[in-house]
Amino acid sequence: QQQEDPDRSGIDREREPPRVGMPGGPTGPKERKPSLTSRLGNAMFGKKKEATPPPPKQNRRLSVAGDTHQSPIGDPNSRGTVIDQASNDWLRYFSLSNAGYEPDGHKKTNQDSFVSIHEFGDPSVSVFGVFDGHGSCGHLVSGYVKREFPKALSKSLLKAETVKAEPDLKAIGKLLNDAFVGVNNRLEVDKAVDSSLSGTTAVAGCIVGKSGSRKVVMGNAGDSRAIIGYEDAEGKFKVKELSDDHKPDREDERARVLSYGGRVEPLIDEDGEPIGPHRVWLPNMMLPGLAMARSIGDDIAATVGVHAIPEIMTYDITERDKFMVIASDGVWEFLSNEQVVEMVRACGEDGERAAREVCAKSYHEWRAEEEVVDDITCVVVHFQKW
């Protein structure tokens, strides 16, 4: 059972070069510009520049342009911190999700959700996923996907595949694809949740197979992420990526958005300077400003090529594979894949300690670099049999 937890914690990342001020990045003083939070507000809502702004913090990559003005404030139905844990002969996991931080004193609604089911119709079948909501109804969208995604998966099909000498990965991949797309289609017609300018990332999949043929099949739409931590022949821990971020400026993602008549470009502030990452825009409107090219929901963005079709990756688990980490970009914004793997490795087989330390580190980095802190979710799965 998921439960509220009084402790706060924080998260990690790879792929991008080190940021200024981060470990491994350039050192020395740099001229600070107004934070992305304030610059987004100025550009989107016409606020005037302050005559003498206070020393701001570095830019944040908001999921939606102007998101700080659109996020829900203190939804009483949202729990700030949620944990879940369980184990069996095959694996054990610890899941932790923390609400972020708003500097104006309002309670931050946690827009992240997760699924962690260690026995899904059979002890050898497990389902895990992280959903990072954005927009004014992002918490409702991610909550909807959390509820509906497991219902869209066939327990009987997964159970049939897990007992085979070699599970049919194409069949499982199709099952995941249909679940992503089906949940998105049902959300679009569900009037209880407004997904016109709200949505969620989704990185979710399953672990199946009997001993000696264990597989991970992972689907991804957006910029949450899943990785494997494994030990190489020399005893060093390495990273295997189970997902690839869908940023709008990724060549294939950009081409699709442009083919639908959309634009891919960063927001420009009042000084004519680009703010943050490339975003998806309608051809003649400053909407929606989405910082990812795939998601569930985001009905308006869907008119210019943003969709919920996941990329599917598969992986054969061996005795060298020690754990899997699935997390929202509250972790990956400031932590690399390698940093997260090293933090989990250093915690041995203590998944709770690993998730808490990753979340705590992520929270610390956000506070050090930004005026706000994104919601932070981390699921750590340790493999016990393969």
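For every chain, the first residue of the written sequence is number 1, and numbering continues from 1 onward in sequence order. Restriction of local features to residues with pLDDT of at least 70 applies here, the model being predicted, together with a cutoff of 80 or more for giving and counting side-chain atom pairs; totals for whole chains, interfaces and linings are based on all residues. As a rule here, side-chain values cover all heavy atoms of the structure and leave hydrogens and water aside.

1. Section: the sheet that holds strand E13 (residues 288-290)
And step 1. Across the sheet, which stays open at both edges, the three strands sit in the order E11-E12-E13 with antiparallel pairing between neighbours. Only two strands of the sheet have a single partner each, and these edge strands are strand E11 (263-268) and E13. Sheet twist, expressed as the average angle between the axes of neighbouring strands with direction ignored, equals 50°.
And step 2. Working rule for contacts: check all heavy atoms of both residues, and any pair within 4.5 Å makes them a contact. Interaxial angles span 0 to 180 degrees and are taken between N-to-C directions of axes, which are lines fitted to C-alpha atoms, for helices over the stretch in contact. Numbering of helices and strands runs from the N terminus; a helix is a DSSP stretch of H or I covering at least four residues, while a strand is a stretch of E covering at least two. Packing of helix H6 (residues 251-259) onto the sheet brings it into contact with E11 and strand E12 (274-281), and relative to E11 it is tilted by some 100°. A pair of strands counts as paired when DSSP detects no fewer than two bridges linking them.

2. Topic: the pattern of salt bridges
And step 1. Within this document, salt bridges are pairs made up of a side-chain nitrogen of Lys or Arg and a carboxyl oxygen of Asp or Glu, the two lying within 4 Å of each other. Following the criterion strictly, the structure yields 23 salt bridges and no others.
And step 2. Glu 349 serves as the salt-bridge partner of Arg 92, at 3.3 Å between the closest nitrogen and oxygen. With Arg 92 in strand E3 (residues 91-98) and Glu 349 in the loop between helix H9 (337-346) and helix H10 (351-369), this residue pair connects regions lying 257 residues apart in the sequence.
And step 3. Classification of Arg 92 as buried rests on a relative accessible area of 17%. Think of it in three bands: residues with accessible area under 20% of the maximum for their type are buried, residues over 50% are exposed, and the middle band is partly exposed, with areas taken using a 1.4 Å probe on protein chains only.

3. Description of the packing of aromatic side chains
The geometry of an aromatic ring pair comes down to the distance between the two centres and the angle between the two planes.
And step 1. Whether two aromatic rings pair depends on their centres lying within 6.5 Å, for rings of Phe, Tyr and Trp, where Trp uses its six-membered ring; planes under 30 degrees apart make the pair stacked, over 60 edge-to-face, and the rest tilted. Taken as a whole and judged by the stated rule, the model has five aromatic pairs.
And step 2. Three or more aromatic residues link up through ring pairs in this structure, and these residues are Phe 131, Phe 149 and Phe 180.
And step 3. When the NZ atom of lysine or the CZ atom of arginine is within 6 Å of a ring's centre and also within 35 degrees of its normal, the charge is said to sit over that ring. Of note, Arg 367 hangs over the ring of Tyr 101, and the distance from its end group to the ring centre comes to 4.0 Å.

4. Here we look at the packing of helix H4 (residues 155-162) against helix H5 (residues 169-189)
And step 1. Two elements in contact, H4 and H5, have axes whose closest approach is 10 Å; the angle formed by their N-to-C orientations is 160°. Considering the angle they form, H4 stands roughly antiparallel to H5. Both H4 and H5 take part in a crossing whose hand is left-handed. Every residue of H5 that contacts H4 at Leu 157, Leu 158 and Glu 161 is listed here: Ala 171, Ile 172 and Leu 175. These descriptions rest on fixed angle ranges, namely under 35 degrees for roughly parallel, over 145 for roughly antiparallel, 65 to 115 for roughly perpendicular, and the rest for oblique. Crossings are assigned a handedness: left-handed for a near helix turned anticlockwise from the far helix by less than a right angle, right-handed for a clockwise turn.

5. Thoughts on H6
And step 1. Among all positions of H6, only Glu 253, Arg 256 and Val 257 are buried. Looking straight down H6, one finds its buried side chains confined to an arc of 95°; they lie on one side. Facing away from the buried side of H6, by more than 90 degrees, are the exposed residues Glu 251 and Ser 259.
And step 2. Next to the buried residues of H6 lie E11 and E12. Read the arc as the range of directions from the helix axis to the C-beta atoms.

6. Quick notes on unusual backbone geometry
And step 1. Here the amide bond leading from Leu 287 into Pro 288 is cis, since omega sits at -5°, within 30 degrees of zero.
And step 2. Relative to the helices and strands, Pro 288 resides in strand E13.
And step 3. For Asp 298, which is not glycine, the phi torsion reads 50° and is therefore positive.
And step 4. Mapped onto the secondary structure, Asp 298 falls in the loop between strand E14 (296-297) and helix H7 (299-302).

7. Some points on the pairing of E12
And step 1. When E11 meets E12, the two strands line up antiparallel, connected through five bridges. By the bridge assignment, Glu 265 is partnered in E12 with Arg 279.
And step 2. Connecting E11 to the antiparallel partner E12 that follows it, the hairpin turn spans five residues, and Gly 272 within it adopts a positive phi of roughly 80°.
And step 3. One ladder, built from two bridges, connects E12 with E13; its direction is antiparallel. Paired with Val 280 across the strands is Leu 290, a residue of E13.

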